[in-house]
Amino acid sequence: KDPVAAAHMDARNPRRTIRALEVIELTGKPYSATLPQYKYVIDCVQIGLDLQREDLDKRVELRTQLMREQGFVDEVRAIRGRLGVTAARALGYQQIMDYLDGVWSEDEAFADIAQKTKRLARKQMGWFGRDARI
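Being a predicted model, the structure only gives us computed values, none of them experimental.

Caption draft 1: Focus on a nonpolar patch on the surface. A cluster of nonpolar side chains, Leu91, Leu120, Trp127, Phe128 and Ile134, forms an exposed patch at the surface whose accessible area comes to about 430 Å². Looking at the secondary structure, you find isoleucine 134 in the segment after helix H7 (106–130).

Structure below.
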């Protein structure tokens, strides 16, 4: 139904294929019409940095430890009542609020922050890898 989209999809990913067919059915347009076009409105240069996974993981661990040492728990405690819905969902805030509520220990909260930050960084690298402008 959409050869352009099919050419860029993993044939072993039935969930994505089903989603594409649903979008075609619902919109009446090819699935590829909803995909990012990677075109600039204004010409510019985009530079992306790439790191080996081990180096990336070390940097995330270091950054998470610095957050802890520099008082992230106290920051969340102080602003918790004023966080909007979107801000409260930002990586790290929910984990610390769960710690403050006794859901898990401080160590567990920061371990989860580090793990989810690593996952996000890998996703971002995948997004950048698909964008030929970078």
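Right, picking up where we left off after that structure.
Caption draft 2: Quick peek at the side chain of glutamine 95. The residue glutamine 95 is located in helix H6 (residues 93–100) in this model. Among the polar contacts made by the side chain of glutamine 95, one reaches the side chain of aspartate 112 at a distance of 3.0 Å. When sequence neighbours within four positions are dropped, the list of residues in contact with glutamine 95 reads Trp104, Ala109, Asp112, Ile113 and Lys116.

Caption draft 3: Layout of the pattern of salt bridges. Counted by the stated rule, this structure contains nine salt bridges. Aspartate 74 is paired through a salt bridge with arginine 77; the nearest N and O atoms lie 2.8 Å apart. With a gap of three residues between them, aspartate 74 and arginine 77 both fall in helix H4 (residues 72–79), about one helical turn apart. For the salt bridge of aspartate 112 with lysine 116, the shortest nitrogen-to-oxygen distance reads 3.0 Å. On the criterion of helical spacing, the pair formed by aspartate 112 and lysine 116 is a turn pair, its members being four residues apart in helix H7. Given the relative accessible area of 32%, lysine 116 is considered partly exposed. Here the salt bridges do not stand alone but share partners, grouping Arg68, Glu106 and Asp107 into one network.

Conventions and cut-offs
Residues numbered from 1 in each chain as written. Predicted model: local features only at pLDDT ≥ 70, side-chain atom pairs only at ≥ 80, totals over all residues. Heavy atoms only, no water. Patch = residues over 30% accessible without salt bridge, like charges linked within 9 Å, V, L, I, M, F, W, Y side chains within 5 Å. Areas by Shrake-Rupley, 256 points an atom, 1.4 Å probe, with all protein chains shown as cover. Salt bridge = Lys/Arg side-chain N within 4 Å of Asp/Glu carboxyl O. Helix = DSSP H or I, 4+ residues; strand = E, 2+ residues; numbered from the N terminus. Polar contact = N/O pair within 3.5 Å; in protein donor to acceptor, adjacent residues only side chain to side chain. Contact = heavy atoms within 4.5 Å. Buried < 20%, exposed > 50% of the residue type's maximum accessible area, 1.4 Å probe, protein only.

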